[in-house]
Amino acid sequence: MITRFLADEGVEYIYGYPGGAALHIYDAIHRQDKVHHVLVRHEQAATHMADGYARATGKPGVVLVTSGPGATNAVTGIATAYMDSIPMVVLCGQVMSHLIGEDAFQETDIVGVTRPIVKHSFSIKHPSDIPQVLKKAFYIATTGRPGPVVVDIPKDMTAPTEKYEYVYPKKVKMRSYTPVGRGHTGQIRKAVELMQKAKRPILFGGGGLVLGESTELFQQLARKLNIPVTTSLMGIGAYPQTDRQSLGWLGMHGSFEANQAMHNSDLVVCIGARFDDRATNNTAKFCPTAKIVHVDVDPSSIGKTVRVDVPIVGTAKSVLEEMLALLGESKEETPDLSDWWKQIDDWRASRTGRLYEQAKDGEVMKPQQVVEAVWKATQGKAYVVTDVGQHQMFAAQYYKFDKPNHWITSGGLGTMGFGLPAAMGVKLNKPQEEVVLITGEGSFQMMMQELSTCAQYGIPVKIINLNNQSLGMVRQWQDLNYNKRHAQSYVQSLPDFQKLVESYGHVAMKVDTADELDATLEKAFASKDQLVFVDVYVDPHEHVYPMQVPQGSMRDMLLSKTERT
Amino acid sequence: MRHIISVLMENEAGALSRVVGLFSQRNFNIETLNVAPTDDPTLSRLTVTTVGDDRVIEQITKQLNKLIDVVKLVDLTEGQHIEREMLLAKVKAVGAQRAEVKRTTEIFRGQIIDVTPSIYTIQLAGDAEKLDAFINALGSNTLLEVVRTGVSGIARGEKVLSL
């Protein structure tokens, strides 16, 4: 019944790992050919794979794991999806219903364990409920503000003694759940009037634009009003970063001009971002002269961390459509923002060419230049997946994204180990596209067993390992805040990555100095059917800048090891 | 400020734990909590009293509304409302105390609902302040055990919380 439902729901791939309580389901999968199962090497990877797939395609990722350790191993991946509002359905086997509560073998109360990190969860109480419950699970996961849904399935529910008729439920109705639709017209009108009057406006787009498939409309709005655009880390790609109006992304390691523009603006129009602490710095000092318009599909995101002048609850798409329609009707002239743009261009100019110092031939490379080289080698068109740490920030800063869904990173939870399985989820479903994992040797080692899954299914992702032999971001904080005491941030006993990768049958390359970089990357990307791992030695002393000063305002930034605003 | 939030939710396994979990997860405060099915057996009504400034209370109501099991809710303290709580108390009642306890109970319009030669069991309903005052009036020397139900509430006048 579960397998038939998944096929009818249009699920092509599920990611998982079998075990006792899930065996009836696995047997059903084995006896059909519509739903393909991908066997990972650790359940956490199954959730990240489903997550990467969902981020790249906008469709829900589906995971199948067994009870107990199978389910608890999936927890980190569920939390990752929850923090970034990624649609996901996780099917967990459970012990027989009559054994629940008796501490049976491989029993965990997974509904209880995952309660704070799911959008909702279900336990199947009767085999005949399965189609309806699964339909609700998909409906909840994908509508409104998306998120993961866990379905707990006791083993006896999948091998009933009686037969039950299966009917695919086309519709679902829940009296207690109605996803948000259009925004309040009066509020939208107010926001539009503010945008027409503002002297120093800025558009701030978030991941909600990407998830809500409304980046085109967002770009139209920005162009129509000639407003400068920034995004959150999750919103990267919502606006083309090579465009003149793009200031890059904002926040702790965001661009100098984006953070300056936010601080000095008189109107912030935020669409689909949640003003989290890494985006706002100290909320008491946040954008002191700005009125704030906040559009979000989740009412609880509005007013949670910063005060909002014009709250608009609605989908990004519907609100943007209405804004554009109002602007179309309006007789007001497009505001003249030339003074504001001049100011922004000055900020930009003051930073150009001073971001880092490139290593010359024969020197150990700067991580930033490796990312720039990858951007060039892929013509800026790749799906870029990252792990978490310095490499993640460098990738976000130096790879310029012009399209949505191409930047795939664990923004909210910051999950090291996310990258490899997420990249696999993307590549498996987009075999024609270039998928690059930019990672570090710390993160990579958290999920490197998945090299085996890549070999089994032939998933030719390209892996750029920015190897600084240390946990770079931890080390950076220790440099700045702990008087350079590098407690546990040096990674000892690194494997020989080349041998490791080759032992799975993949291709490995190594880059020690700057003069080898471009040629090696070219060779790596030329190989279409092979997973290629490029181990790039980079300067372990490099820091990520700009970096906002703790408890400061948006514009309080360290710009290098010696300069601050 | 103290708020009384009344919630209509699906009468399903796990619904209560989601509500309670939300409060601890998001660092909200629960002062009292009570929950029981309504006249419609598919719905439960839960009443929680909590303390927080406007921003916190706004977050509490929004986050509660976000729970899939929550159908509807109202912050009763936003309007005219009636709140009631019930208390059961076991009180030492020997010698001169017996008459004194009985008199105090009558003053507070409570009832003695169980009697032994040395103990009265008292039932009293009212708002939380009245119950506090009663406990103070009895004094800790006589009080053996107290059970309180937590606050229930309903809006005054025409306002109704239903589907």
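Everything discussed here concerns the structure shown above.
Since this is a predicted model, take the numbers as computed values, not measurements.

Caption draft 1: Structural context of the nonpolar core. Residues and elements named next belong to chain A. Of all hydrophobic cores here, the largest spans 58 residues; its most connected members are Leu221 and Met323. In contact with Met323, not counting residues within four places along its chain, are Ile188, Ala191, Val192, Met195, Leu221, Val295 and Ile312. By size, the runner-up hydrophobic cluster in this structure holds 51 residues, among which are Tyr15, Ala46, Ala81 and Leu437.

Caption draft 2: A look at the side chain of A:Asp535. Residues and elements named next belong to chain A. Relative to the helices and strands, Asp535 is located in strand β18 (residues 532–537). Although Asp535 lies buried, it forms no salt bridge, and the closest oppositely charged side chain, Lys510, sits 5.9 Å away as judged by the N-O distance. Leaving out residues up to four positions away in the same chain, Asp535 has contacts with Asn465, Asn467, Phe497, Met509, Lys510 and Val511.

Caption draft 3: Spotlight on the interface of chain B and chain A. The interface of chain B with chain A comprises 21 residues on the first partner and 18 residues on the second. Interface area for chain B against chain A, summed over the two sides, is near 1600 Å², with a carbon-plus-sulfur share of 45%. Interface area lost by chain B to chain A is led by B:Arg18, B:Lys62 and B:Ile68, which between them contribute 40%. Our count for the contact surface shared by chain B and chain A stands at two salt bridges. At the junction of chain B and chain A, the tally comes to 12 residue pairs in polar contact (both at pLDDT 80 or more). When contributions to the side of chain B that touches chain A are tallied by element, the ones reaching two or more residues are α1 (15–25), α2 (54–66) and β4 (70–75) of chain B. If one sorts the elements of the side of chain B that touches chain A by residue count, α2(B) sits on top with six residues. Looking at the side of chain B that touches chain A residue by residue, the class counts come to six nonpolar, six polar and nine charged.

Caption draft 4: Examining the side chain of A:His506 more closely. Relative to the helices and strands, A:His506 resides in the loop between α21 (497–503) and β17 (507–511). Setting aside residues up to four positions removed in sequence, A:His506 forms contacts with A:Leu451, A:Cys454, A:Ala455, A:Val501, A:Gln530 and A:Leu531.

Rules of the game
Residues numbered from 1 in each chain as written. Chains lettered and ligands numbered in written order. Predicted model: local features only at pLDDT ≥ 70, side-chain atom pairs only at ≥ 80, totals over all residues. Heavy atoms only, no water. Core = buried A, V, L, I, M, F, W, Y, C linked by side-chain atoms within 4.5 Å. Buried < 20%, exposed > 50% of the residue type's maximum accessible area, 1.4 Å probe, protein only. Contact = heavy atoms within 4.5 Å. Helix = DSSP H or I, 4+ residues; strand = E, 2+ residues; numbered from the N terminus. Lys, Arg positive; Asp, Glu negative; His and termini not counted. Salt bridge = Lys/Arg side-chain N within 4 Å of Asp/Glu carboxyl O. Buried area = accessible area lost by both parts, 1.4 Å probe. Polar contact = N/O pair within 3.5 Å; in protein donor to acceptor, adjacent residues only side chain to side chain. Nonpolar A, V, L, I, M, F, W, Y, C, P; charged D, E, K, R; others polar.

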